[in-house]
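Survey of secondary and tertiary structure
Below, each chain spelled out in residue letters.
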Amino acid sequence: MEHLNPAIGRRRLIRILREKGITDEQVLDAFDKVDRHLFVDGAMYAQAYDDNALPIGSGQTISQPYVVALMTELLQIKKDEKILEIGTGSGFQTAILGRFTRRVYTIERHRELSDTARKRLREMGYANIVFKVGDGSIGWPQHGPFDKIIVTAGAPVLPLTLTDQLADGGRMVIPMGDKDRQDLVVYEKDARGVLTQFTAAQVVFVPLIGNQGWQD
Ligand code: SAM
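Residues numbered from 1 in each chain as written. Predicted model: local features only at pLDDT ≥ 70, side-chain atom pairs only at ≥ 80, totals over all residues. Heavy atoms only, no water.

With that settled, the discussion passes to the packing of helix α1 (residues 6–19) against helix α2 (residues 25–33). Put simply, α1 and α2 touch, their axes get as near as 9 Å, and they point 155° apart. It follows from the interaxial angle that α1 and α2 lie roughly antiparallel. The hand of the α1/α2 crossing is right-handed. Together, R10, L13, I14, L17 and R18 of α1 and E25, L28, F31 and D32 of α2 make up the contact between the two elements. Here the contact of α1 with α2 is built from residues that sort into five nonpolar, no polar and four charged. (Axes fitted to C-alpha atoms, helices over the stretch in contact; angles between N-to-C directions. Helix = DSSP H or I, 4+ residues; strand = E, 2+ residues; numbered from the N terminus. Parallel < 35°, antiparallel > 145°, perpendicular 65-115°, else oblique. Left-handed = near helix turned anticlockwise from the far one by under 90°. Contact = heavy atoms within 4.5 Å. Nonpolar A, V, L, I, M, F, W, Y, C, P; charged D, E, K, R; others polar.)

In structure tokens:
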């Protein structure tokens, strides 16, 4: 079966991402380097290179590859930047980010997901990722400001704690809206600290649970 061959699966997935409008070659190259089947349970290997979200335990999901690619493209990451990711999940998006920047700080509220992702990424040789278990909706002020912030769970309103931790000239990508459907919003902070925003797509994410998110 075609899907059980990771190399064929990756090529097919990259073709789908191009067809859906992803053009950043660095992002597409990262999808060619990260084996998505290693981030899901063995029973789901055959579906790992389909363009779908899949369950990863604790009631959470590994995001749809197109959405991971789109959010990464929207971040416009440069080589030496420092990134904050809220919602480690399986660690797949983390690995993609880790391939082309200096350091990724990633926060996950479920300890078992964070521990699994940490072990997985260490075994894969990623040495530039710092993990934390906790409420990412309040960010990680000790390590800020961040050049880029990516939130991989849906927020009801803009968490101002996160925009406070965004560097001047930085970008944040965050799904915002109700629990069933969100706008994927890009915030840009200019050199004077002024925020502007635009909506890039409609998405469906699990809720951001926490102080600056939804109640548990
Ligand atoms: N990007 C991940 C991947 O590729 O596997 C998928 C992330 S999943 C859609 C969203 C994650 O955000 C879940 O693992 C969830 O537990 C986590 N989450 C929700 N609220 C959070 C919070 N306040 N702080 C940290 N993580 C949170």
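Here we take up the site of the ligand. Around the ligand, 27 residues are found, and the nearest of them are S90, E108, D135, G136 and I209. The backbone of Q93 places a nitrogen or oxygen atom 3.4 Å from an oxygen atom of the ligand. Between the ligand and G134, the relevant distance is 3.5 Å, taken from a nitrogen atom to a main-chain nitrogen or oxygen of the residue. If the ligand stood free it would expose 600 Å²; the protein chains cover 99% of that surface. Mapping the ligand onto the cavity grids shows that it belongs to the largest pocket. Broken down by secondary-structure element, the contributors of at least two residues to the shell around the ligand are β2 (60–62), α4 (92–99) and β4 (103–108). Top element by residues in the shell around the ligand is β2. It accounts for three residues. (Near = heavy atom within 4 Å. Polar contact = N/O pair within 3.5 Å; in protein donor to acceptor, adjacent residues only side chain to side chain. Areas by Shrake-Rupley, 256 points an atom, 1.4 Å probe, with all protein chains shown as cover. 1 Å grid on protein atoms, 1.4 Å probe; cavity = no way out; pocket = protein on both sides within 12 Å on 5 of 7 lines; lining within 4 Å. Sits in = over half its atoms within 2 Å of the grid points.)

Glancing now at the packing of aromatic side chains. Aromatic ring pairs are described here by two measures, namely the spacing of the ring centres and the angle between the planes. Tallying each qualifying case throughout the model produces four aromatic pairs. The interplanar angle of 80° and the centroid separation of 5.4 Å between the aromatic rings of F39 and F92 together place this pair among those described as edge-to-face. A residue pair is termed long-range when its members are at least 10 positions apart, and F39 in the loop between α2 and β1 (54–57) and F92 in helix α4 qualify at 53 residues. Look at F39 and you get buried, because its relative accessible area is 1%. Given the relative accessible area of 1%, F92 is considered buried. Through successive ring pairs, a cluster of aromatic residues spans F31, F39 and F92. Here R36 stacks its cationic end above the ring of F92, 5.9 Å away from the centre of that ring. For K82, the ring lying beneath its charged end belongs to F146, and the centroid distance is 5.5 Å. (Phe/Tyr/Trp six-rings, centres within 6.5 Å; stacked < 30°, edge-to-face > 60°. Buried < 20%, exposed > 50% of the residue type's maximum accessible area, 1.4 Å probe, protein only. Lys NZ or Arg CZ within 6 Å of the ring centre and 35° of its normal.)

Attention shifts here to the pattern of salt bridges. All chains considered together, the criterion is met by 12 salt bridges. Between D35 and R10 there is a salt bridge, and its shortest N-O distance comes to 2.4 Å. Of this pair, D35 sits in the loop between α2 and β1 while R10 sits in helix α1, placing them 25 residues apart in sequence. The class for R10 is buried, based on a relative accessible area of 16%. (Salt bridge = Lys/Arg side-chain N within 4 Å of Asp/Glu carboxyl O.)

This part takes up the nonpolar core. Ranked by size, the top nonpolar core spans 45 residues in total, and within it F31, F92, I96 and L184 carry the most contacts. Looking at this core element by element, the count peaks at seven residues for helix α3 (residues 65–75). Aside from chain neighbours lying at most four places away, what touches I96 is A30, F31, V34, V68 and T72. Residues L84, I107, I149 and L162 belong to the second largest nonpolar core, which totals 19 residues. (Core = buried A, V, L, I, M, F, W, Y, C linked by side-chain atoms within 4.5 Å.)

Structurally, the position occupied by T94 is in helix α4. Counting along the chain gives 12 residues from T94 to T106, while the straight-line C-alpha distance between them is 7.3 Å. Sequence-distant contacts of T94, defined by excluding residues within four places in its chain, comprise E85, T88, V104, T106, L121 and I129.

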